Amino acid sequence: MIQSWTRRSITVPIVLLVIVAALIATTTQFTIMFNGPPPGPGPLPLIRVAEALRTGTVAPTAQARMSVTRTTEDKFGRADERPSPERDAAIARLAGVPVERVHGLYEFPARDPDQDMHGSFTVALADGDGWVVASSAFRPAFTPWHLARLLGMLGTLLVLSLLAWGVARRISRPIRELAGAATRMRLGARQPIPHKGPREVHDLARALDSMQERILLEAENRGAMLGAIAHDLGTPLSRIAFWVEQLPDAARVRAEADIEEMRAMLKAALRFTRDERSAAPHEKLDLGSLVESLVDDLAAAGTPVAAEPGPRAVVRGDPAKLRRLFANLIENAVRYGERADLSWSVAGGKVDVVVEDDGPGFDLARADALFAPFVRGEASRNRETGGTGLGLAIVRSITEAHGGEVTLENREGGGRVRVRLPA
């Protein structure tokens, strides 16, 4: 049942959200309408106004809607009230006083003067040297009824917001997990794709899984083809080397150098394809200790390399491939910049390993091209100044297989390569 629900169309929770929102809003409004007081005061019987003017007091049943005061000033009334002689006559008749003594102002003068009072009013009765004034109670703009409606609307908004947030999270979570899995996809390693969520997300996950299968198969076929070509070229190279032995000395030396270069390129190509196709399980290791051990070994062999001590940096990876990664960077730094200086730092769940040299730096416009296989940073094919062109390609391949990234940078007095791996 749960599996059937999670594979329904993404439109189902959206439609349900709209229906539930409408039901909650309607129920709230009807509850307030039938249980709260009316928005304004009800009609006041005309006889109550007449009694208040005659007696100078307000009946208990009308105290909430009317008040009586005495004043010597003849200025009274509100801006939105207008005179109505008919109303004055009806009130004077009920109060038993001459109509000349009654002066009233009304918000809603009725066509029938004997009709109950609606809205605000101010009615004054001349009494000796002053006036007895009966006026409707002040009606604030923001009444408890308005407060109830406002609180109901805010409560509805809160409930709908929480409901919408929950539904949106339920819809977006599998999409985010799918995006994360797609980001972690790397050649040579299968990334598990989560198959959950609405039907559309489930279909997308199956499509990504199929795409990953095709990409891995294509990469495996490409590696196998490259390895086979490199292997098969070894035989004709051996025959060529045999015939080269019969050339004159000057020509033989140049031909042997070319053959050795071709053999080095073939060996590098074979190793590159083997590294791409092999996927050793990753283990926890201290990357700082690995770098220090590699630097000590190379320095003991005479390589001009040094490492600056850094913090403990635990990563998950293949120790052999990581050693090769940094060995390639050190080799490049020494070849083009005479020496290599390594350092590392840990911040934000990432480990940054920096390899600096004293060389001419990088042409950042060709940064992406420099990571491509068989592309050299130095344009000539001189074995003294350039390698096989696979060093940085291997570095990027290993870095991405560990979920990291590698970038080329320039600094004052040299170049810098930054390898960032997840801690």
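For the structure itself, look to the data block above.
Note that residues are indexed from 1 along each chain, following the sequence as it is written. The predicted origin of the model limits local features to residues at a pLDDT of at least 70 and limits the giving and counting of side-chain atom pairs to 80 or more, whereas totals for whole chains, interfaces and linings rest on all residues. Heavy atoms from the whole structure form the basis of all side-chain values; hydrogens and water molecules are not counted.

**Q** Can you help me understand the pairing of strand E8 (residues 314-317) in this one?
**A** Across a regular strand the side chains alternate sides, sitting on one face of the sheet and then on the other. Of the two faces of E8, the one lined by Val315 and Gly317 is fully buried and the one lined by Val314 and Arg316 carries no buried residue. Pairing between two strands requires that DSSP report at least two bridges joining them. Each helix is a run of H or I in the DSSP string that is no shorter than four residues. Each strand is a run of E no shorter than two, and both are numbered from the N terminus. Here strand E6 (residues 283-286) runs beside E8; their pairing, made up of four bridges, is antiparallel. Pairing of aspartate 286 across the sheet is with valine 314, part of E8. Throughout, exposure labels follow a simple rule: accessible area from a 1.4 Å probe, protein chains only, divided by the maximum for the residue type, with under 20% read as buried, over 50% as exposed, and the rest as partly exposed.

**Q** What's the story with a positive patch on the surface in this structure? I'm lost.
**A** Residues Arg169, Arg170, Arg173 and Arg176 make up a contiguous surface patch of positive charge. Among the secondary structure elements, arginine 169 is positioned in helix H5 (residues 144-183). Each patch is built from residues that are more than 30% exposed by relative accessible area and take part in no salt bridge. Like charges join if they lie within 9 Å; nonpolar side chains (Val, Leu, Ile, Met, Phe, Trp, Tyr) join within 5 Å. The Shrake-Rupley method, run with a 1.4 Å probe sphere, supplies the accessible areas, and residue values consider only the shown protein chains as cover. Each salt bridge in this description consists of a side-chain nitrogen of Lys or Arg and a carboxyl oxygen of Asp or Glu lying within 4 Å of one another. His is not counted, nor are the chain ends; Lys and Arg add positive charge and Asp and Glu add negative charge. By convention, the charge on Lys lies at NZ, on Arg at CZ, on Asp at CG and on Glu at CD.

**Q** When you look at the nonpolar core in this model, what are you seeing that I'm missing?
**A** In a soluble, globular protein the nonpolar side chains are often hidden away together inside. By size, the foremost hydrophobic cluster in this structure holds 33 residues, and its most contacted members are Leu287, Leu322, Leu325, Phe326, Leu329 and Leu342. For this core, the secondary structure elements donating two or more residues are helix H9 (287-300), helix H10 (319-337), strand E9 (340-347), strand E10 (350-356), helix H11 (367-370), helix H12 (391-401), strand E11 (405-411) and strand E12 (414-422). Take this core: its biggest share by element is six residues, from H10. The residues contacting leucine 325, other than those within four sequence positions of it, are Val395, Ile398, Thr399 and Val419. Among buried residues, the Ala, Val, Leu, Ile, Met, Phe, Trp, Tyr and Cys ones that are joined through side-chain atoms within 4.5 Å form a nonpolar core. Core analysis: the next-biggest nonpolar cluster, separate from the first, contains 22 residues, Val49, Leu53, Leu125 and Val132 among them. What makes two residues a contact is simply this: any of their non-hydrogen atoms within 4.5 Å.

**Q** Can you walk me through the pattern of salt bridges in this structure?
**A** Think of it this way: side chains of opposite charge can pair up when their charged atoms draw near. By the definition in use, this model includes 16 salt bridges. For arginine 48, the salt bridge goes to glutamate 51, with nearest N and O atoms at 3.3 Å. Taken together, the positions of arginine 48 and glutamate 51, both in helix H3 (residues 46-55) and three residues apart, correspond to about one turn of that helix. The partner of aspartate 203 in a salt bridge is arginine 206, and the shortest N-O contact between them spans 3.0 Å. With aspartate 203 and arginine 206 both in helix H6 (residues 199-232) and three residues apart, this pair spans about one turn of that helix. Take aspartate 203: its relative accessible area is 33%, and that puts it in the partly exposed class. Residue classification places arginine 206 among the partly exposed positions, given a relative accessible area of 48%. Residues joined by salt bridges that share partners form a network here, namely Asp352, Glu356, Asp358, Glu409, Arg411, Arg416, Arg418 and Arg420.

**Q** Sorry, what's going on with H10 here?
**A** Because the α-helix completes a turn every 3.6 residues, residues three or four places apart line up on one side. To estimate how far a helix should extend, the number of its residues minus one is multiplied by 1.5 Å. The first and last C-alpha atoms of H10 sit 26 Å apart over 19 residues, in line with the 27 Å expected at 1.5 Å per residue. Residues of H10 that are buried include every one of Lys321, Leu322, Arg324, Leu325, Phe326, Asn328, Leu329, Ile330, Asn332, Ala333 and Gly337, and no others. Its side-chain oxygen placed 3.2 Å from the backbone nitrogen of alanine 320, aspartate 318 serves as the N-cap of H10. At the exit of H10 stands glutamate 338, carrying a positive phi of roughly 75°. By the criterion applied in these results, polar contacts are pairs of N or O atoms within 3.5 Å in which, for protein atoms, one can donate a hydrogen and the other can accept it, and in which residues neighboring in sequence qualify only through two side-chain atoms.

**Q** What's the story with the packing of H10 against H12 in this structure? I'm lost.
**A** Geometrically, a packed helix pair is captured by the angle between its two axes and the distance between the axes. Only the stretch in contact is used when a helix axis is fitted, and all axes are lines through C-alpha atoms; the angle between N-to-C directions ranges over 0 to 180 degrees. Packing of H10 against H12 leaves a shortest axis separation of 9 Å and a crossing angle of 145°. Of the two elements, H10 crosses H12, and the hand of that crossing is left-handed. Of the residues in H12, those in contact with Lys321, Leu322, Arg324, Leu325, Asn328, Leu329 and Asn332 of H10 are Gly391, Leu392, Ile394, Val395, Ile398 and Thr399. Classes in brief: Ala, Val, Leu, Ile, Met, Phe, Trp, Tyr, Cys and Pro nonpolar; Asp, Glu, Lys and Arg charged; the others, Gly included, polar. Taken together, the residues that form the contact of H10 with H12 break down as seven nonpolar, four polar and two charged. Left-handed is the label given to a crossing in which the near helix is rotated counterclockwise from the far helix by less than a right angle, and right-handed is the label when the rotation is clockwise.

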